[in-house]
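Each chain, letter by letter, is given below.
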Amino acid sequence: MASLKITLYLVCLYAWIITTSVEDSVPKAENVRWVSLDFKTTLTWTTTPSNYTYTVQFAGDDDDWRRILDCIQMSESECDLTNYLIPFNRMYLADILTVPAIVDNDYTDDPEAFPHTYSPQFNPYTESEISAVKFSVEVVEENKVTVNITDPLTGTHQHGKQLTIRDILKNDLKYKISYYKSGSTGKRDIISDSSIAEVSGLDAGQSYCFMVAAFIPSRPKTSQQGAWSTQQCTHGQELNHGALIGGLIILLIVLIVIITVTILCCRWCRQRNKALQTSQSSTVV
C-alpha cells in the first residue's frame, strides 16, 4: 500500500515537473497593453524569437471568449481590435495564447495546455486618447471671433460612413478653447458644447492666439482632455476692421466737405469778380 502511494506521488511529481518545464520554456507574451487613438484600438505585447505563435481572444463583460480572425497563430506582436470593441462604452479583456507553429489535435482539444497572458481591462469610450483637432478662426466683429472646429475622424466605419468622435461621444464631447492676447502671459479658457464657438470681449485692434482641445468631462480626469492643437493667431488689424472702415467713411466725408467748400468758394469768388468788373465799367462810362 505504501509503495502504491509512493508510486502515485512520484507520477504526480513527474507530471508537475514536466508541466512546469514546458511552461517555463514557452515564450509568453509580456508587457501587454492597449494603444488607442480616436477609437482605433490595437493590443500590443513583447515577445522573444521562437517557433511559437500567438492567438488573441477577447471578451466583454460576462461574455464568452471570441477569437480575432486576423489574429490566430500570428508571429506579429500586435492585433487590431478596432472593429470588435463595440459597443464602445464597455469593459473589455483580451487573452493572448501562446500556440505552437504546428498545432496537433491534442492542443486543439485542450487550449489550456499552453500559457495565457491576460491584458489589463480596457474601456474604449473612457480611455481612447483623442488627437489634436484642426480649427480656423474667423473675425466677425472688432471684439468677437468665431472658432470653427473640425471633429477628428475615428478608425470606425458604420453603414459605409467613417465616424467622427462626435458620432461616438455625442453630447459628452465638448471643446476647450484657450486664448491669450499677444504679448500677455495671462490665458483664458472657455468650454464649448459644439464645434462652432464664439469668443467675445476681445480688445479691438489687438492680436490674439488660440488653441483647442477635445474635452470629455464625463471621463476620469486622466483621460478627459485630448491633445492640444497647433496655435493660430489673428492680426491686430483684423480685429480693428470696423474702426478702419469708420475712419475711411470719416475721411470720405471730410473730402466731400472740402470739395463742397472749395466749389462754393470758387463760385463766390467768380461772382465777386464779376460784380467788381461790372461796377468798374459803370464808373468809366
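Everything that follows concerns the structure shown earlier in this document.
Attention here is on the structure that accompanies the text. The model shown is predicted, which means the values in this text are computed figures rather than measured ones.

**Digging into the nonpolar core**
Most often, soluble globular proteins keep nonpolar side chains buried together rather than apart. Formed by 25 residues in total, the largest nonpolar core has its most connected members in Val-147, Ile-165, Tyr-175, Phe-210 and Val-212. Contributing elements (two or more residues each) for this core: strand 9 (144-150), helix 4 (165-169), strand 12 (174-181), strand 14 (196-200) and strand 15 (208-215). Examining the composition of this core, we find that four residues originate from one element, strand 15, more than from any other. Formed by 19 residues, the second largest nonpolar core is a distinct cluster that contains Val-32, Cys-71, Met-74 and Leu-85.

**Let's talk about the pattern of salt bridges**
Considering all chains together, one arrives at seven salt bridges under this definition. Residue Lys-40 pairs with Asp-80 through a salt bridge whose shortest N-O separation is 3.0 Å. With Lys-40 in strand 2 (residues 40-46) and Asp-80 in strand 5 (residues 78-80), this pair connects stretches of sequence that are 40 residues apart. When its relative accessible area of 43% is taken as the criterion, Lys-40 is described as partly exposed.

**With respect to the state of the cysteines**
All told, the structure shown has two disulfides when counted by the stated rule. Residue pairing for Cys-71: its cysteine sulfur links by disulfide to Cys-79, the two sulfurs lying 2.1 Å apart. Handedness here is read from the sign of the S-S torsion; for Cys-71 and Cys-79, about 95°, the answer is right-handed. Residue Cys-79 is classed as buried on the basis of its relative accessible area of 1%. Here Cys-209 connects covalently by a disulfide to Cys-233, the sulfurs 2.0 Å from one another. Of note, the bridge from Cys-209 to Cys-233 carries an S-S torsion of about 105° and is right-handed in sense. Of the two residues, Cys-209 is situated in strand 15 and Cys-233 in strand 16 (residues 232-233); the sequence distance between them amounts to 24 residues. Take Cys-233: its relative accessible area is 39%, and that puts it in the partly exposed class. When the cysteines of the chain that form disulfides are numbered from the N-terminus onward, they connect as 1-2, 3-4.

Cut-off values and rules
Residues numbered from 1 in each chain as written. Predicted model: local features only at pLDDT ≥ 70, side-chain atom pairs only at ≥ 80, totals over all residues. Heavy atoms only, no water. Core = buried A, V, L, I, M, F, W, Y, C linked by side-chain atoms within 4.5 Å. Buried < 20%, exposed > 50% of the residue type's maximum accessible area, 1.4 Å probe, protein only. Helix = DSSP H or I, 4+ residues; strand = E, 2+ residues; numbered from the N terminus. Salt bridge = Lys/Arg side-chain N within 4 Å of Asp/Glu carboxyl O. Disulfide = S-S within 2.5 Å.

Shape is all these values report; function is a separate question.
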